[in-house]
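Report on the structure
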Amino acid sequence: MTTEEFRKHAHSLVDWMTNYLENVEDYPVLSSVKPGEIKAQFPKTYSEQSEDFSKIFKDFEDKIMPGITHWESPNFFAYFPASKSKASVLGEMLMSVLGTQGMVWLTSPAATELEDRMMEWMRDLLGLLKDWTGSIQDTASTGTLNALITAREKASNFQINENGFFRMPKYRIYASEQAHSSIDKNVKIAGFGSKNLVKIPVDEHFAMIPEKLEEKIQKDIDSGYEPLLVLGALGTTGTTAVDPLEEIGAIAKRYHLWFHVDAAYSGAALICPEHRWMSKGLELADSMVFNPHKWMFVNFDCSLYYVKEPDLLKQSYSITPEYLKTDADEEVNNYRDWHIQLGRRFRALKLWFVLREFGAKKLRTIINNHIEWAKCLEKEIKKSADFEMLAPVPVNLLCFRFNDGRMNEEDLNKFNEQLLKNVNATGKIFITHTKLNGKYTLRLVGGHPELTKGHLERAWGLIQEMAHKIEAKF
């Protein structure tokens, strides 16, 4: 492809992207293709000859687009939003064309130094302590793995990195029953073993019970284990429940545990001072993770990992072969030492674009609106004779179900599962579910930057309409 051909196709793609953003609500939110349907449209082997770009793009439109679930739609209410913004897309375009490989300062000084500054901007915007520092990672899963490995090496005086787990203490990790599944995966990756992850019971609001945590820790000590790390959730995955961080932090300090806080989604609310009740006790943590690629309109992937003792993190990871040594190593951050990967994308660029194009005031307004509208819908659900809330609403996630008071629990679960399927089959919205105390629970969360209160009202109307259609046949 010549540069002139690139210019031509790039302009056409920008036009297509703009049209997509203008018309995304016209697409069915959830793809309706069957398993294997997309794959079957492609040849079983590659072509030896080059193909015209126009033909490739036509196949994209005809074969790829039908299999896309439209996360960019304001009617996407599933999981947690990963809603980008236009400024972020433009930043990502520049990242792609620059092809920056920011593994060390020398490979692109701007990539490192902008990241330095963005971590400071976000630290202050979130209301974190000034002595916290960190780097931009890919996902919260990586950030939590950083915490586990750093805690492991600190406790073993870096001997596990050197000699493995042979003759080492039997370490224990603690998290609530509602913690994100990445902690389960990471304890395996970090070598602790699944059986050494201790799940702590939660209260009626699905937040960790600190007294139960201390009981488990004391029992483990008496049984010859060595407590190592506790994870506190500033917004769990299932319900956005907020663990009592201050009490957990005090227990962690008393028993010398590393205290890591997962604020991957709900952390965005901390940019609004009125929502910082959630972060009470966060100052006691040793590390935390927050994802701007969820509710702060930076497209995936962009996750911020903050830590109080970065030297421990770097010592846990640092390996410096001759080909990576530079004259600037003592003066700069080489972020390859701050996580597992050597290679690094220039993620700070799109975060910078978003923070400047929106401004803190506009970001706060959008976050506050999302929370306010969720609270309004919570009131409507509570007023309904046929629906009930199943969890509190700390931010903008609603957990609820249909319940007309006439069915047993088994039938209610079947009914709500069918309701979810029927609602999603319309293509008008996309919601997901969880189970809370054995109850099949509908989850609805709106976090798109262009979300309106009307989107939520129409979603609620559709859910009610579909429920009553099923009720007539059930």
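Residues numbered from 1 in each chain as written. Predicted model: local features only at pLDDT ≥ 70, side-chain atom pairs only at ≥ 80, totals over all residues. Heavy atoms only, no water.

**Here we look at unusual backbone geometry**
Cis geometry is adopted by the peptide bond preceding D301, which originates at F300 and carries an omega value of 15 degrees. Tracing the backbone shows D301 in the loop between α10 (292-295) and β7 (303-307). With phi around 55 degrees, N157 is a residue other than glycine that occupies positive phi space. Within the secondary structure, N157 sits in the loop between α5 (140-155) and α6 (159-163). You can call N157 exposed: its relative accessible area is 56%. Residues other than glycine seldom take positive phi values, yet N437 does so here, at roughly 50 degrees. Within the element layout of this structure, N437 appears in the loop between β10 (432-436) and β11 (439-445). Of the residues examined, N437 reaches a relative accessible area of 68% and is grouped as exposed. (Helix = DSSP H or I, 4+ residues; strand = E, 2+ residues; numbered from the N terminus. Buried < 20%, exposed > 50% of the residue type's maximum accessible area, 1.4 Å probe, protein only.)

**Brief notes about the pattern of salt bridges**
Using the criterion set out here, one finds 33 salt bridges in the structure. A salt bridge links E246 to K280; the nearest nitrogen and oxygen atoms lie 3.5 Å apart. Of this pair, E246 sits in helix α9 (residues 245-254) while K280 sits in the loop between β5 (258-262) and β6 (287-290), placing them 34 residues apart in sequence. Under the relative-accessibility criterion, E246 is labelled partly exposed at 36%. Given the relative accessible area of 54%, K280 is considered exposed. (Salt bridge = Lys/Arg side-chain N within 4 Å of Asp/Glu carboxyl O.)

**Looking at the pairing of strand β9 (residues 397-402)**
Within β9, 6 of the 6 residues are buried, which leaves the element mostly enclosed by the surrounding structure. In β9, alternate side chains face the same way, and those of L397, C399 and R401 on one face and L398, F400 and F402 on the other are all buried. Sheet topology places strand β8 (residues 387-389) next to β9; 3 bridges connect them, and they run antiparallel. In the sheet register, M389 faces β9, and the bridge partner there is F400. One ladder, built from 4 bridges, connects β9 with β11; its direction is antiparallel. Bridge pairing in β11 links C399 to R443. (Pairing = 2+ DSSP bridges.)

**Overview of the sheet that holds strand β4 (residues 226-233)**
Strand order in the open sheet formed by 7 strands is β1-β7-β6-β5-β4-β2-β3, and the pairing between neighbours is mixed. The sheet is open, and its two borders are formed by β1 (133-137) and β3 (197-200), each paired with just one other strand. On average, each strand axis in the sheet is inclined to that of its neighbour by 20 degrees, with strand direction left out of account. Bridging between β4 and β5 involves 5 bridges; their strand directions are parallel. Bridging across to β5, L231 finds its partner in H260. Sitting on the sheet, helix α4 (residues 109-126) touches β1, β6 and β7, and the angle it makes with β7 is about 80 degrees. Contacts between α5 and the sheet are confined to β1, β2 (171-176), β4, β5, β6 and β7, with β4 contributing the most and set at about 155 degrees to the helix. (Axes fitted to C-alpha atoms, helices over the stretch in contact; angles between N-to-C directions. Contact = heavy atoms within 4.5 Å.)

**Some words on the packing of aromatic side chains**
Counted by the stated rule, this structure contains 21 aromatic pairs. A ring pair is formed by W71 and Y79, whose centres lie 5.9 Å apart and whose planes are at 10 degrees; its orientation type is stacked. Judged by relative accessible area, which is 35%, W71 ranks as partly exposed. Classification of Y79 as partly exposed rests on a relative accessible area of 45%. Centroid distance F387 to F402: 5.4 Å. Interplanar angle 90 degrees. Geometry classified as edge-to-face. Placement of F387 in strand β8 and of F402 in strand β9 is noted, with a sequence separation of 15 residues between them. Judged on exposure class, the residue F387 and its partner F402 are both buried. Grouped by ring-pair contacts, the aromatic residues W16, Y20, Y27, F57 and F60 constitute a single cluster. Sitting above the plane of the Y225 ring, R172 keeps its charged end 3.9 Å from the centroid. (Phe/Tyr/Trp six-rings, centres within 6.5 Å; stacked < 30°, edge-to-face > 60°. Lys NZ or Arg CZ within 6 Å of the ring centre and 35° of its normal.)

**A short note on the side chain of T100**
Along the chain, T100 falls in the loop between α3 (86-98) and α4. Excluding its chain neighbours within four sequence positions, the residues that come into contact with T100 are M95, S108, A111, R344, R345 and F346.

**Remarks on the layout of surface pockets**
Empty space within the largest pocket amounts to approximately 590 Å³. As for the largest pocket, its lining consists of 19 residues, of which Y20, E72, K84, V89 and N299 are closest to the centre. Those elements giving two or more residues to the lining of the largest pocket turn out to be α1 (3-23), α2 (53-64) and α3. The element contributing the most residues to the lining of the largest pocket is α1, with 4 residues. In this structure, the second largest pocket spans a volume of roughly 490 Å³. Only α5, β4, α10 and β10 provide two or more residues apiece to the lining of the second largest pocket. A breakdown of the residues in the lining of the second largest pocket according to their chemical character gives 12 nonpolar, 10 polar and 3 charged. (1 Å grid on protein atoms, 1.4 Å probe; cavity = no way out; pocket = protein on both sides within 12 Å on 5 of 7 lines; lining within 4 Å. Points joined across faces, edges and corners; volume = space filled by probe spheres on them. Nonpolar A, V, L, I, M, F, W, Y, C, P; charged D, E, K, R; others polar.)

**Here's the deal with a nonpolar patch on the surface**
A surface patch of nonpolar side chains, amounting to about 540 Å² of accessible area, comprises M1, F6, L94, V97 and L98. It is α3 that provides the largest number of residues to the nonpolar patch, a total of 3 residues. Checked against the element boundaries, L94 lands in helix α3. (Patch = residues over 30% accessible without salt bridge, like charges linked within 9 Å, V, L, I, M, F, W, Y side chains within 5 Å. Areas by Shrake-Rupley, 256 points an atom, 1.4 Å probe, with all protein chains shown as cover.)

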